Amino acid sequence: MRAPRRSTDFAAFLTVLLTGVVLVLCGVRPEAVSTIAIGLSSLYAAWQRQEGPPRRTDDDPGRRR
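First, a word on what this report is: a plain description of the structure on this page. The residue numbers shown here count from 1 along each chain, following its written sequence. This being a predicted model, a pLDDT of at least 70 is required before a residue's local features are given, and a value of 80 or more before pairs of side-chain atoms are given or counted; all residues contribute to the totals for chains, interfaces and linings. To get the side-chain values, take all heavy atoms of the structure and skip hydrogens and water.

1. Side note on the overall build of the protein chain
Here a helix means four or more residues in a row that DSSP labels H or I, a strand means two or more in a row labelled E, and each is numbered from the N terminus. Check the secondary structure of the protein chain and you find 2 helices and 0 strands. Exposed residues in this analysis have more than 50% of their type's maximum accessible area, buried residues have under 20%, and partly exposed residues fall in between, with area computed by a 1.4 Å probe over protein chains only. Looking at the protein chain as a whole, 6% of its 65 residues qualify as buried. In these tables, accessible area is a Shrake-Rupley quantity obtained with a 1.4 Å probe, and a residue counts as shielded only by the protein chains included in the view. For the protein chain, the accessible area works out to roughly 5900 Å², and carbon and sulfur atoms hold 63% of it.

Okay, here's the thing in structure tokens:
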């Protein structure tokens, strides 16, 4: 893993963690906080995959000939 992506992952993790802590301290129910955290992590995962689809190799069984 490259260093820039690792720092981005760490920043996203801290952001979600701090958001959860702030929401709990503000009195939001834990169930709602977990739903928000799952949503944020799903959005971040989708954003990380913007590089395009994975390339197929010659030994890929799904490849058409």
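Further notes follow.
2. Focus on the packing of aromatic side chains
Planes of paired rings set the category: under 30 degrees apart is stacked, over 60 is edge-to-face and the rest tilted, where pairs are Phe, Tyr or Trp rings (Trp by its six-membered ring) whose centres lie within 6.5 Å. Applying the stated rule across the entire model yields 1 aromatic pair. Centroid distance Tyr44 to Trp47: 5.6 Å. Interplanar angle 40 degrees. Geometry classified as tilted. Taken together, the residues span about one helical turn, with Tyr44 and Trp47 both in helix H2 (residues 30-48) at a distance of 3 residues. Trp47 sits in the partly exposed class, given a relative accessible area of 45%.

3. Side note on the pattern of salt bridges
By definition, a salt bridge exists where a carboxyl oxygen of Asp or Glu is found within 4 Å of a side-chain nitrogen of Lys or Arg. If you walk through the whole model with that rule in mind, you get 1 salt bridge. In this structure, Glu31 and Arg29 form a salt bridge, with 3.5 Å as the shortest nitrogen-oxygen distance. When its relative accessible area of 57% is taken as the criterion, Arg29 is described as exposed.

4. Considerations on a nonpolar patch on the surface
On the surface, a cluster of nonpolar side chains totalling about 710 Å² of accessible area is made up of Phe10, Phe13, Leu14, Leu17, Leu18, Val21 and Leu25. Along the polypeptide, Val21 turns up in helix H1 (residues 3-25). Judged by relative accessible area, which is 41%, Val21 ranks as partly exposed. Two joining distances apply to patches: 9 Å for like charges and 5 Å for nonpolar side chains (Val, Leu, Ile, Met, Phe, Trp, Tyr), and every residue must have over 30% relative accessible area and no salt bridge.

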